[in-house]
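# Structural overview
The chain contents come next:
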Amino acid sequence: NAGVMQNPRHLVRRRGQEARLRCSPMKGHSHVYWYRQLPEEGLKFMVYLQKENIIDESGMPKERFSAEFPKEGPSILRIQQVVRGDSAAYFCASSPSGPNQPQHFGDGTRLSIL
Amino acid sequence: EDQVTQSPEALRLQEGESSSLNCSYTVSGLRGLFWYRQDPGKGPEFLFTLYSAGEEKEKERLKATLTKKESFLHITAPKPEDSATYLCAVQTTTDSWGKLQFGAGTQVVVTP
């Protein structure tokens, strides 16, 4: 999984706080994807971004969650007013441009809500 | 509704004991099927992409095949280092091509 960098690896927040998860894609990759893995569940797609554009956010909860991939810097997944149910592993993946390219994953951020 | 189902949920093998994992899918249109392995505490590691029925891909002790309704991941003469959770995912023609839908995975344990 070398190449896609996620930080922090572990994040603890209290209910009501904000969580910011960062993802730096592999060098040369311009497409970023976020997935969530809840305890005892499979990976679920959240959002697909290109630089400065959200392409598909069909998996994002309607409230409290947002994502961005600015022209400069990492992609950010932001969760406002966290609740216990937000506790999960959040994975970022990246790919080069063009269809049918495999997505390469980072090692995730484990978010725990107290 | 699209569905991806993996079986078995868990598999325990002796070293050298070959076996197959199954990934069956029900989708409106398949753009591609992907296999990943995931080690505990790590992100999924890409293994293969398959695009059309009849296609096969191989890498070391792993071989992936695809039919119109399912994919198999064959593990030949496994070693303990093949222990991992194996995930399959589909990309459909009705979703954006960035969206992968994952199965729940098969946890494989290979004992010496």
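Calculation criteria
Residues numbered from 1 in each chain as written. Chains lettered and ligands numbered in written order. Predicted model: local features only at pLDDT ≥ 70, side-chain atom pairs only at ≥ 80, totals over all residues. Heavy atoms only, no water. Helix = DSSP H or I, 4+ residues; strand = E, 2+ residues; numbered from the N terminus. Buried < 20%, exposed > 50% of the residue type's maximum accessible area, 1.4 Å probe, protein only. Areas by Shrake-Rupley, 256 points an atom, 1.4 Å probe, with all protein chains shown as cover. Lys, Arg positive; Asp, Glu negative; His and termini not counted. Charge placed at Lys NZ, Arg CZ, Asp CG, Glu CD. Salt bridge = Lys/Arg side-chain N within 4 Å of Asp/Glu carboxyl O. Pairing = 2+ DSSP bridges. Axes fitted to C-alpha atoms, helices over the stretch in contact; angles between N-to-C directions. Disulfide = S-S within 2.5 Å. Core = buried A, V, L, I, M, F, W, Y, C linked by side-chain atoms within 4.5 Å. Contact = heavy atoms within 4.5 Å.

### Quick word on the overall build of chain B
- Secondary structure assignment for chain B yields 0 helices and 11 strands.
- Counting from the amino terminus, chain B carries its helices and strands in the arrangement β-β-β-β-β-β-β-β-β-β-β.
- Taken over the C-alpha atoms alone, chain B extends approximately 45 × 30 × 20 Å along its principal axes.
- In chain B, buried positions account for 48% of the 112 residues.
- Counting only carbon and sulfur atoms, one obtains 46% of the accessible surface of chain B, whose full area is about 5,300 Å².
- In chain B, 12 positive and 15 negative side-chain charges are present, and the distance between their average locations comes to 3 Å.

### Concerning the pattern of salt bridges
- Scanning all chains against the criterion turns up 9 salt bridges over all chains.
- Residues A:Arg78 and A:Glu18 are paired through a salt bridge, measuring 2.9 Å at the closest nitrogen-oxygen approach. Of this pair, A:Arg78 sits in strand S8 (residues 75-79) while A:Glu18 sits in the loop between strand S2 (10-13) and strand S3 (19-24), and the two are 60 residues apart along the sequence.
- For the salt bridge of B:Arg37 with B:Asp39, the shortest nitrogen-to-oxygen distance reads 2.7 Å.
- Here B:Arg37 falls in the buried class, since its relative accessible area comes to 12%.
- Given a relative accessible area of 27%, B:Asp39 falls into the partly exposed group.
- Residues participating in the shared-partner salt-bridge network are A:Glu18, A:Arg20 and A:Arg78.

### Section: the sheet that holds strand S7 (residues 62-66) of chain B
Residue and element names in this part refer to chain B.
- Spatially, 5 strands are ordered S1-S3-S8-S7-S6 in an open sheet, and the strand pairing comes out antiparallel. Both edges of this open sheet fall to strand S1 (3-7) and strand S6 (56-59), since each of them pairs with a single strand only. Between one strand axis and the next, the sheet turns through 15 degrees on average, direction left out of account.
- Both S1 and strand S3 (residues 19-26) contribute to a ladder of 5 bridges, which runs antiparallel. Following the sheet pairing, Gln3 is matched in S3 by Thr26.

### A few points about the state of the cysteines
- Under the definition given, this model contains 2 disulfides over all chains.
- Disulfide pairing places A:Cys23 opposite A:Cys92 at an S-S distance of 1.8 Å. The S-S bond linking A:Cys23 to A:Cys92 shows a torsion near -55 degrees; that makes this disulfide left-handed. Here A:Cys92 lies in strand S9 (residues 88-95) and A:Cys23 lies in strand S3, a separation of 69 residues in the sequence. The exposure classification of A:Cys23 matches that of A:Cys92, with both residues buried.
- Note that B:Cys23 is cross-linked by a disulfide to B:Cys88, the S-S spacing being 1.9 Å. Taking the torsion about the S-S bond as the criterion, the B:Cys23 to B:Cys88 disulfide, at about 65 degrees, is right-handed. Taken together, the residues span a long stretch of sequence, with B:Cys23 in strand S3 and B:Cys88 in strand S9 (residues 84-92) at a distance of 65 residues.
- A relative accessible area of 0% places B:Cys23 in the buried class.

### Overview of the nonpolar core
Residues and elements named next belong to chain B.
- One finds Leu21, Trp35, Leu73, Tyr86 and Val108 to be the most contacted residues of the largest nonpolar core, which totals 23 residues.
- Counting only elements with at least two residues in this core, the list comes to strand S2 (10-14), S3, strand S4 (30-38), strand S5 (45-50), S7, strand S8 (70-75), S9 and strand S11 (106-111).
- Sorting elements by how many residues they give to this core places S9 first, with 4 residues.
- What Tyr86 contacts, discounting residues up to four positions off in sequence, is Gln6, Leu21, Trp35, Tyr36, Arg37, Leu47, Leu62, Leu73, Ile75, Gly105, Thr106 and Val108.

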